[in-house]
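# Descriptive structure summary
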Amino acid sequence: ALSSRSVQSKMHATKMHAAPSAAGQAGVRGAPRLGADRTWTRVAAARPLKPARVVRVGSFSDSRKPAGQAGSRKFFNSAANEADAARKVSASAISEPVVADEPRASTSVDDDVRRNLQPSSVVPERRRRVNPAPNPVTMDKVGAVVLAGGADSNNPLTRNQARAALRFGATYRLIDFPIANCINSKVRRVFVMTQWNSHTLNQHVNAAYPPEVFGFGEQGSVDVLPSNQTVREKSWSLGSADCVRRHLQSGALQGPGQWEPDAYLVLSGEALYRMDYQDMLKTHNETGADITIGVSKQRVGDVDATNLGICSVYSDDTQVYGFREKPSQTELREMAQCPSAQTSLDDCNVHVNMGVYIFSRRAMKELVEVIEHIDEGTQLDFGRDILPMAIATDYQIHAHEHGGFWQPVRNLREWYESNISICSPHLFRKMYAGASDLIDVSKDPVFTVPRTLPPARFSGESQCDSSLISDGVVVANGCVIKDSVVGPCVVFGEGVSVERVVFNGHPEMAHIHGNDVPDVGAGSVVYGCVVQSDVLIGAGCVLTNEKRVKKAEVIDDEGHGYIIDDGIITILEGTVLAAGTVI
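Residues numbered from 1 in each chain as written. Predicted model: local features only at pLDDT ≥ 70, side-chain atom pairs only at ≥ 80, totals over all residues. Heavy atoms only, no water.

### Considering the overall build of the protein
Spelled out, the test is: Helix numbers and strand numbers start at the N terminus; a helix is a DSSP run of H or I with at least 4 residues, a strand a run of E with at least 2. Relative accessibility thresholds used throughout: buried, under 20% of the residue-type maximum; exposed, over 50%; partly exposed, between the two (1.4 Å probe, protein chains only). Residues are treated as being in contact if the distance between any of their heavy atoms lies within 4.5 Å. Using a 1.4 Å probe, accessible areas were evaluated by the Shrake-Rupley method; residue-level cover was limited to the displayed protein chains.
Each helix and strand in the protein was counted, giving ten helices and 36 strands. By the burial criterion, 55% of the 583 residues in the protein qualify as buried. A separation threshold of at least 6 residues defines the contact pool for the protein, and within that pool the share at least 24 residues apart is 66%. Entry remark: accessible area of the protein is about 24,900 Å², with carbon and sulfur atoms responsible for 49%.

Here is the structure:
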């Protein structure tokens, strides 16, 4: 099956095509085909052994060869002439078999296609019976791909580092959790794909995951695969699926001795959860799925469902028959599973896409690797593009329900509340109730860079409630620390009051200011803040955002200062706040 995508479209795909035409029977399943009448027809014929033609995302080569013959690899320049431009079809149009009508100025192709892909309250019939895989995949033949390179310029914490490199729970980084899940699930080949602000992330992965973490005598590796540019593709990766596509085509997703996975485990490097992927692989094998999606069943009122990907799953089965990225309230009502028609939408359940997928080797090749090129300015993502296309072209897709804690980290608020919820799980939304399980290593360890630091030390009489205190921390007499996460080597002066604060900490004792200067000066009050590394807060400072400012930015030419985002004060790395400062 071939896929395609374009920034602009000259044609409008609106008319449903219920059955393939005679000419279409010779085409590739799911591939747009230019007919003799110059209309695009998408067909649903059986997969040929070779594609009828190779598709460039953004424009198409028009070889018109019958099925079974190698396709033309000629590229059309979309700007060369109007005829080539007219052959463009929008990415969303790939998701449904359609015939292009004449262009209409009043609506866009994306509007038309999205209308056709609206979830229906009528559950469709199953496409085929569930049959176990004839050749089940074993964990030693699974290659894990951790996507950790997405751009994030709006978060004050990611100005100088990737989101997956953000510290979590005083000791770890976000990337440590999906990699730990892989190692504990006996996945032996892990590939971490990086791009945005990747220096810190690359250093961390290389230092934290030597071969020894897989166990004595085990053969395993965690490899960092930075984004790359080639002669043909001079831009950086354009979306999660494009990143995987480029590394697939370059041969980077192979192990020693040309080892090639039988299945690909595709993971987000920016989500918090503990999961045994062996259970998910069991679901994949027992259902004979081409693609298995990890889902978290959530009450609509407990999650921000309109900013997540939602799967439509049969109530008595695991088969997925629909998917919407960031659905509207109306679409949620149609996709949600409710006890009755009178049930409030907030009390209904939805299956939220966790960004965890198992692709069979065949599905990965037919849906992703076959794409030759993506026009600059275009995006190709698994959730927005590949999954809807796979559902529309009759791939067997099943859901594996994860029953534990799961939280994507997409912004400062989610990162902050997830950290605080480790210590005080009931301060925020109900969905954070299981956050403390993330750092429970009684069953499965979470790996990170080891440090040689002295234990935390409390001097005099101090109070510490529902907080996480890391190694090397020094707490002076009269301090009160409540509902906070304190990273390594933070030093508090006398009489400091801290509540709902995340301190990232320092890599070593007396890292910047020396032994005699506390990081938080005597008598300071800090509430609802994030304090990055190498920050010096003078004596008597009050950092509480008493006026409840939602957004503000005070930064000097060297990048020091503070940012208020969603009411949370973030003191930027290297900032020195003078004694008596009030924010």
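### Some details on the side chain of Asp-483
The criterion, for reference: This count recognises Lys and Arg as positive and Asp and Glu as negative, with His and chain-terminal groups excluded. The rule for a salt bridge is simple: a side-chain nitrogen of Lys or Arg has to be within 4 Å of a carboxyl oxygen of Asp or Glu.
Within the fold, Asp-483 resides in the loop between strand E24 (480–482) and strand E25 (485–486). We note that Asp-483 is buried and unpaired, the nearest opposite charge coming from Arg-500 at a distance of 4.6 Å. Those residues in contact with Asp-483 that lie beyond four places of it in its chain are Ile-420, Ser-424, Leu-427, Asp-465, Ser-466, Ser-467, Glu-499, Arg-500 and Val-501.

### Overview of helix H8 (residues 361–369)
Since the α-helix turns once every 3.6 residues, residues separated by three or four places project in the same direction. By the burial criterion, the buried members of H8 are Ala-363, Met-364, Glu-366, Leu-367 and Val-368. Check the buried side of H8 and you find it contacts helix H5 (240–250), strand E12 (263–268), strand E14 (291–299), strand E17 (349–360) and helix H9 (382–392).

### Thoughts on the pattern of salt bridges
What the rule picks out here adds up to 17 salt bridges. One salt bridge connects Asp-302 with Arg-299, and the closest N-O pair in it is separated by 3.0 Å. In this structure Asp-302 comes out as buried when scored by relative accessible area, which is 16%. Note that Glu-331 and Arg-324 form a salt bridge whose closest N and O atoms lie 3.1 Å from each other.

### Notes on H5
Of all eleven residues in H5, eight are buried; the element is thus mostly enclosed. Restricting attention to buried positions, one finds in H5 the residues Ala-241, Asp-242, Cys-243, Val-244, Arg-245, Arg-246, His-247 and Leu-248. Residues of H5 that are buried make contact with strand E7 (142–147), strand E10 (189–194), strand E11 (221–226), E12, H8 and H9. Phi turns positive, to about 80°, at Gly-251, one or two residues after H5.

### Focus on the packing of H5 against H8
Definition in use: Note on geometry: axes are lines fitted to C-alpha atoms, helical ones only across the stretch in contact, with angles between N-to-C directions running from 0 to 180 degrees. Angle categories are assigned with fixed cut-offs, so that under 35 degrees is roughly parallel, over 145 is roughly antiparallel, 65 to 115 is roughly perpendicular, and the rest are oblique.
Packing of H5 against H8 leaves a shortest axis separation of 10 Å and a crossing angle of 110°. Considered as vectors, H5 and H8 are oriented roughly perpendicular to each other. For the pair H5 and H8, the contacting residues are Ala-241, Val-244, Arg-245, Leu-248 and Gln-249 in the first and Met-364, Val-368 and Glu-369 in the second.

### Remarks on the sheet that holds strand E21 (residues 463–465)
Which entries qualify depends on this criterion: Any two strands with at least two DSSP-identified bridges between them are counted as paired.
Within the open sheet, the five strands sit side by side as E21-E24-E27-E29-E32. Their pairing is parallel. The outermost strands of the open sheet, each flanked by one partner alone, are E21 and strand E32 (542–543). Judged from the two bridges that link them, strand E29 (residues 525–527) and E32 form a sheet pairing that is parallel. The residue bridging Val-525 from the neighbouring strand is Val-542, located in E32.

### Re the pairing of E7
Most of E7 is tucked away, with six of its six residues classed as buried. Residues Val-142, Ala-144 and Val-146 point to one face of E7 and Gly-143, Val-145 and Leu-147 to the other, with burial holding for every one of them. In terms of strand pairing, E7 meets E12 through six bridges, oriented parallel. Its bridge partner being in E12, Leu-147 is matched across the sheet by Ser-268. Judged from the five bridges that link them, E7 and E10 form a sheet pairing that is parallel. The residue of E10 that forms the bridge with Ala-144 is Val-190.

### Topic: the pairing of E10
A large share of E10 lies buried, amounting to six of its six residues. Here E10 shows no split at all, with Arg-189, Phe-191 and Met-193 on one side and Val-190, Val-192 and Thr-194 on the other all buried.

### A few points about the side chain of Asn-419
Formally: Distance and chemistry together define a polar contact, namely a pair of N or O atoms within 3.5 Å, with one atom able to donate a hydrogen and the other to accept it when in protein, and with adjacent residues in sequence counting only for side-chain atoms on both sides.
Considering the arrangement of structural elements, one finds Asn-419 in helix H10 (residues 412–423). Overall, the relative accessible area of 1% leaves Asn-419 in the buried class. Here the side chain of Asn-419 touches Gly-169 through a polar contact of 2.9 Å, landing on its backbone nitrogen. In contact with Asn-419, not counting residues within four places along its chain, are Arg-167, Phe-168, Gly-169, Val-485 and Val-502.

### Quick word on the nonpolar core
The condition is simple: The criterion is simple. A nonpolar core is a set of buried Ala, Val, Leu, Ile, Met, Phe, Trp, Tyr and Cys residues joined through side-chain atoms within 4.5 Å.
Formed by 76 residues in total, the largest nonpolar core has its most connected members in Ile-175, Val-192, Tyr-209, Leu-265, Tyr-273, Tyr-277 and Trp-415. The greatest single-element share of this core, amounting to six residues, is contributed by H10. Contact partners of Tyr-273, with chain neighbours within four places excluded, come to Phe-177, Asn-181, Leu-267, Met-354, Val-356, His-402, Phe-405, Trp-406 and Leu-438. Grouped together as the second largest cluster of nonpolar side chains are 39 residues, Leu-225, Leu-367, Val-368 and Val-370 included.

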